[in-house]
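Summary of the model geometry
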Amino acid sequence: MRAVGALAAAAVTAVALAVAAWRRARPVREVLFFPSRPCCIEALLAEAAEPGTPARPCPCPLPSADTALSRLVRRLLSARRSLDLCLFSFSCPQLARAVQLLHRRGVRVRVVTEAQYMGLHGSQIGRLRHAGIQVRHDQHSGYMHHKFAIVDRRMLITGSLNWTTQAIQSNRENVLVVEDAEYVKAFQEEFERIWEEYNPANYRFFSERQ
């Protein structure tokens, strides 16, 4: 009987491990809707900075809730090798802190943004540049209006959301998070094209004479 019990326990453990492995292997398919309730992400940032270290209590009054914002931060913090951002506007301090943390952790971060909005009050672009993150911007009359991110060249985050506190807390917005090689490839190629087009070496400050 003991042998049967041991075999049954082993079988249950094996099934549990198989289910866990299957869940980990499933490609990400997630839709986030905003506005998001205000929440504290200090525990997420602390865990990402020092995995396994118990998070210190945060004195802020905000709850550590499962919200659209916290889920977006989790997806960003899953980056291990690279994070490419193509954003019209970026003024959310919480998302900027997550991006800076990834940079300090050795993740290669590149940012493409809209020139007319990067200098506005509250923009986080200057802070990212000061941290040593590569940033490039447009030099054209049309807006660089994309809003997408690519994590480790495998996960696409895209939608209507500008990365601003106003949009996150007040606007009706959507974000799609997918691990789909075909879609990631298309957006990665668009990012690389824009990244090269916005290379400062290609800028033309004066009209070339005919």
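This text follows the structure it describes.
Anyway, here's the lowdown on the structure attached to this text. Residue positions are given per chain, counted from 1 along the sequence in the order it is written. It should be noted that, the model being predicted, local features are given only for residues of pLDDT at least 70 and side-chain atom pairs only at 80 or more, the latter also being counted only at that level, while totals for whole chains, interfaces and linings use all residues. No hydrogens and no water enter the side-chain calculation; it runs on all heavy atoms of the structure.

With that settled, consider the packing of aromatic side chains. A pair of Phe, Tyr and Trp rings is counted when the ring centres sit within 6.5 Å of each other, with Trp represented by its six-membered ring. The angle between the planes then sorts it: under 30 degrees is stacked, over 60 is edge-to-face, the rest tilted. Per the stated rule, a full pass over the model turns up six aromatic pairs. Seen from their ring centres, F88 and Y117 are 4.5 Å apart, and the 50° between their planes marks the pair as tilted. With F88 in the loop between β2 (82–87) and α4 (93–104) and Y117 in helix α5 (residues 115–118), the pair connects residues that are 29 residues apart, well separated along the chain. Under the relative-accessibility criterion, Y117 is labelled partly exposed at 29%. Their ring planes at 85° and their centres at 5.4 Å tell us that F90 and W163 sit as a pair that is edge-to-face. Residue F90 is found in the loop between β2 and α4, and its partner W163 is found in the loop between β6 (155–159) and α7 (165–170); the two are separated by 73 residues along the sequence. On the basis of relative accessible area, F90 is assigned to the buried category, the value being 2%. Only DSSP runs of H or I reaching four residues or more are called helices, and only runs of E reaching two or more are called strands; each is numbered from the N terminus. Between buried and exposed lies partly exposed: a residue is buried under 20% and exposed over 50% of the maximum accessible area for its type, with that area taken using a 1.4 Å probe on protein chains only.

Of note, T158 is situated in strand β6. The class of T158 is buried, set by a relative accessible area of 18%. Within the structure, the side chain of T158 is placed 3.3 Å from the backbone oxygen of K147, a separation counted as a polar contact. Note on contacts: a residue pair qualifies if any of its non-hydrogen atoms lie within 4.5 Å across the two residues. T158 has contacts with K147, F148, N174, V175, L176 and F187, leaving out every residue within four places of it along the chain. What qualifies as a polar contact is a pair of N or O atoms within 3.5 Å, subject to a donor-acceptor requirement within protein and to the restriction that residues adjacent in sequence count only when both atoms come from side chains.

This next bit is on the packing of helix α2 (residues 42–49) against α4. Simply put, an axis is a line fit to the C-alpha atoms, just over the touching stretch for a helix, and the angle between two N-to-C directions goes from 0 to 180 degrees. Two numbers describe how α2 lies on α4: the axes approach to 10 Å, and their chain directions differ by 5°. With respect to α4, the axis of α2 lies roughly parallel. Contacts between α2 and α4 involve E42, L45, A48 and A49 from the former and R97, A98 and L101 from the latter. In terms of residue class, the contact of α2 with α4 is built from five nonpolar, no polar and two charged. By the definition adopted for this analysis, an angle is roughly parallel if under 35 degrees, roughly antiparallel if over 145, roughly perpendicular if from 65 to 115, and oblique otherwise. Residues are grouped as follows: nonpolar covers Ala, Val, Leu, Ile, Met, Phe, Trp, Tyr, Cys and Pro; charged covers Asp, Glu, Lys and Arg; every other residue, Gly included, is treated as polar.

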